[in-house]
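# Residue-level structural notes
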Amino acid sequence: MIWAVALALAAVIAAGTYLASSRDLLRCLIGLALVGNGINLLVFASGRLLSQMPPFVASGAQQLAVAANPLPQALVLTAIVISFVLLCFSLVLAIRLLQTAGSADTAKLRAAEPVAVEGSKPALEETA
Amino acid sequence: MLVLTPLLVPLATALVCLLLPPAWQQRASLAGALLLPACGLALAGEVVSNGPLTVVAGGWPLPFGIEFAADRLSAALVLVAALMLNVVLLWQAGGSADAAPAAPTLQPLLQGLVAGAGAAFVTADLFNLYVWFELTLICALGLLALRGGLRQLDATLKYFVLNVFGTLLLLAAVALLYAATGQLNFRALGAATAALPAGIALPLLTLLSLAFLIKAAAFPFFAWLPASYHTLPAPLLALFSALLAKIGLYALVRTLGAVFQPAPDLLFAVLGWIAVVSMLSGALGAAYHWDLRRILAFHSISQIGYILLAIALASPAGNAAAILFMLHHSLVKAALILTAALIFHACGHYDLRRVGGLYAGRPGLSLVFLLLALSLIGIPPSSGFWSKFLVVRQTLLQGEYLWAAFALAAGAVTLYSMLKIWLEAFWKPHPDESWRAPANDRLLPAHAALGGLLLLILSFGLLPESWIAYVMAAADSLRGGS
């Protein structure tokens, strides 16, 4: 089981890294979201996938029998919410950028860092 | 409960601001901001007299409960965050000199940013630390995009991609550390990691440090900082420069200097060289630029290098120097950025090629800039001198002569950047001969904010004994003293 998860994790992170290094705005952001989900899977698997039993202590017993580790599940819920928030923000940002800049090519997005003028001098910048 | 105030006060203020109509937001935000330094001072007083404070959520026994702990280091950084929040709100009250637009999201995001930073300074749980990094990140993104122009959106994208990569690495490191040790609480995690074989501990700690180095804008991971900071309104730029990279640096001091101590020597050796290259590349990058905001933002990377160098010394005295330098850099860099905003207000530009004549037009501003620049360069007796002195002296004492030589060389390049601003903005006549310095409209709050910061910086420089004694005690208590 853990090896299947490890393989899935490797595939998702590889695909995400490949997309994230794209020059296309949307691919880049989707790639980052994929890497984020891959790492969420890592958080989930960090408690080991030994059992599917819910972690309840049987009545009368003092110790938990073999059961799923609940802590990584709580952690991964938090991480999923956070990565979803960031994905939503990044998509809105992408839409606004597409509308304002009119291009999805990240190499052409130079508004914040204009190309040097006269060979090597820093360009004069807008103030606001 | 006092331990939780750096988180609860700004978070509650942010929520209240969200519910209030825009006209009331500023007042509610100011009320919360004024409460925060009081909490910070109470926390510092309690920590100094009674030792570190802790609170465990729900009263669960450790290591199962989620713990918050504050020591001298936490209290000092919480105070810096509280002070900077008040400076920003005071500056905003005037509404001029490159103030942020009064959008309805401004106050909640500001308070959220400070809540994330304050909580990161007092948490004693690794996963919690990750959550506070994310809270700070999302609020910073909102503030970056606040003006909504193409420059800001472009800057937000670059900031987003590079910083999210950093937090993803952090989350991966947290997950792997948990998988290896089964602990997240700092104390339990430290003990469990010390028992790990070196072949497992080293890669895990390297991954964790790598994530913090991205957040701290160290070489070669600093690209997000000069790509985005200069598009911010001046008070927010001051807040970001004073606070954001500091969270990454704080996390490095906390993890390498306390939690995972003794961390592997190899990490510190690499960190030392990263620090050296950060110092030099930051100073050289600043020397290239002509836009005041870019010079000052880029220069932060050089100062971050000094702090990293002090951390890389891996000794209590080195940690003390790092903490002192963090306090110095937060105050002085923020004050310099606010000075740049006043230069902008007088001349209408941030670019040094389009400003000038301020020595005659604004003698008071010239004096303020001179004092701050001398402090940044490290001319005695200034806060910068004491901070650099502590770093370089400790580097020499530990026999790292090459690192010390590079630190002094980076100081010389800093001198060049500050001289450039002085010559171009103050001594040079204004390029437009018909230019006259405008009246100081609505600048009283801005002057008050900058004046308050300047007084604090001057007292730091002239009376350093109490500051140095405080950071020495803070570095000692990092390693489990009181």
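Check the entry above for the structure.
As a starting point, this report considers the structure included with it.

Procedures and definitions
- Residues numbered from 1 in each chain as written.
- Chains lettered and ligands numbered in written order.
- Predicted model: local features only at pLDDT ≥ 70, side-chain atom pairs only at ≥ 80, totals over all residues.
- Heavy atoms only, no water.
- Contact = heavy atoms within 4.5 Å.
- Polar contact = N/O pair within 3.5 Å; in protein donor to acceptor, adjacent residues only side chain to side chain.
- Helix = DSSP H or I, 4+ residues; strand = E, 2+ residues; numbered from the N terminus.
- Nonpolar A, V, L, I, M, F, W, Y, C, P; charged D, E, K, R; others polar.
- Salt bridge = Lys/Arg side-chain N within 4 Å of Asp/Glu carboxyl O.
- Buried < 20%, exposed > 50% of the residue type's maximum accessible area, 1.4 Å probe, protein only.
- Expected span 1.5 Å × (residues − 1).
- Axes fitted to C-alpha atoms, helices over the stretch in contact; angles between N-to-C directions.
- Parallel < 35°, antiparallel > 145°, perpendicular 65-115°, else oblique.
- Left-handed = near helix turned anticlockwise from the far one by under 90°.
- Phe/Tyr/Trp six-rings, centres within 6.5 Å; stacked < 30°, edge-to-face > 60°.
- Lys NZ or Arg CZ within 6 Å of the ring centre and 35° of its normal.

## A short note on the interface of chain A and chain B
- The partner chain B presents 46 residues to the 46 residues of chain A that form the contact.
- Between chain A and chain B we count nine residue pairs in polar contact (both at pLDDT 80 or more) in total.
- Broken down by secondary-structure element, the contributors of at least two residues to the side of chain A that touches chain B are helix 2 (25-45) and helix 3 (70-101) of chain A.
- No other element matches the 15 residues that helix 3 of chain A contributes to the side of chain A that touches chain B.
- Residues of the side of chain A that touches chain B, tallied by class, amount to 28 nonpolar, 11 polar and seven charged.

## Some thoughts on the pattern of salt bridges
- Per the stated rule, a full pass over the model turns up nine salt bridges over all chains.
- Here Arg23(A) makes a salt bridge to Asp105(A), at a shortest N to O gap of 2.7 Å. With a gap of 82 residues between them, Arg23(A) in the loop between helix 1 (2-20) and helix 2 and Asp105(A) in the segment after helix 3 connect regions that are remote in the sequence.
- For Asp105(A), a relative accessible area of 16% puts it in the buried group.
- A salt bridge links Arg254(B) to Asp71(B); the shortest N-O distance between them is 3.0 Å. Of this pair, Arg254(B) sits in helix 10 (residues 234-259) while Asp71(B) sits in the loop between strand 2 (67-70) and helix 3 (72-94); the two residues are 183 residues apart in sequence, bridging distant segments of the chain. Taken as a pair, Arg254(B) and Asp71(B) share a single burial class, namely buried.

## Examining helix 8 (residues 198-215) of chain B
- The terminal C-alpha atoms of helix 8 of chain B lie 26 Å apart, and with 18 residues this matches the ideal 26 Å at 1.5 Å per residue to within 8%.
- Looking one or two residues past helix 8 of chain B, Ala217(B) carries a phi angle of roughly 60 degrees, positive in sign.

## Concerning the environment of Tyr350(B)
Residue and element names in this part refer to chain B.
- Among the secondary structure elements, Tyr 350 is positioned in the loop between helix 13 (316-347) and helix 14 (358-361).
- Judged by its relative accessible area of 2%, Tyr 350 falls in the buried class.
- Linking Tyr 350 and Arg 294, residues 56 residues apart in sequence, is a C-alpha distance of 9.1 Å.
- At a separation of 2.6 Å, a polar atom in the side chain of Tyr 350 contacts the side chain of Asp 98.

## Things to note about the packing of helix 12 (residues 292-312) of chain B against helix 17 (residues 401-427) of chain B
Residue and element names in this part refer to chain B.
- Orientation of helix 12 relative to helix 17, taken along the N-to-C sense of each, is 165 degrees, at an axis distance of 11 Å. When the interaxial angle is binned, helix 12 and helix 17 end up roughly antiparallel. The interaxial crossing formed by helix 12 with helix 17 has left-handed handedness. Contacts between helix 12 and helix 17 involve Leu 292, Ile 295, Leu 296, His 299, Ser 302, Tyr 306, Leu 309 and Ala 312 from the former and Trp 403, Ala 407, Ala 410, Gly 411, Thr 414, Ser 417, Met 418, Lys 420 and Ile 421 from the latter.
- Here the contact of helix 12 with helix 17 is composed, by residue class, of 11 nonpolar, five polar and one charged.

## Quick word on the packing of aromatic side chains
Residue and element names in this part refer to chain B.
- Throughout the structure, instances matching the rule amount to 21 aromatic pairs over all chains.
- Measuring from ring centre to ring centre gives 5.8 Å for Phe 133 and Phe 212, while their planes differ by 25 degrees; the resulting arrangement is stacked. Here the residue Phe 133 occupies a position in helix 5 (residues 126-144), and Phe 212 occupies one in helix 8, the gap between them amounting to 79 residues. Phe 212 matches Phe 133 in its accessibility class, with the two residues each being buried.
- Where Trp 224 meets Tyr 229, the ring centres are 6.0 Å apart and the plane angle is 65 degrees; that geometry is what we call edge-to-face. Like Trp 224, the residue Tyr 229 is buried in the burial classification.
- Taken together through their ring pairs, the aromatic side chains of Tyr 359, Phe 369, Trp 422, Phe 426 and Trp 427 make up a single cluster.
- Against the face of Trp 24 rests Arg 27, its NZ or CZ located 4.9 Å from the ring centre.
- Here the basic side chain of Lys 420 rests over the ring of Trp 290, its NZ or CZ set 4.6 Å away from the ring centre.

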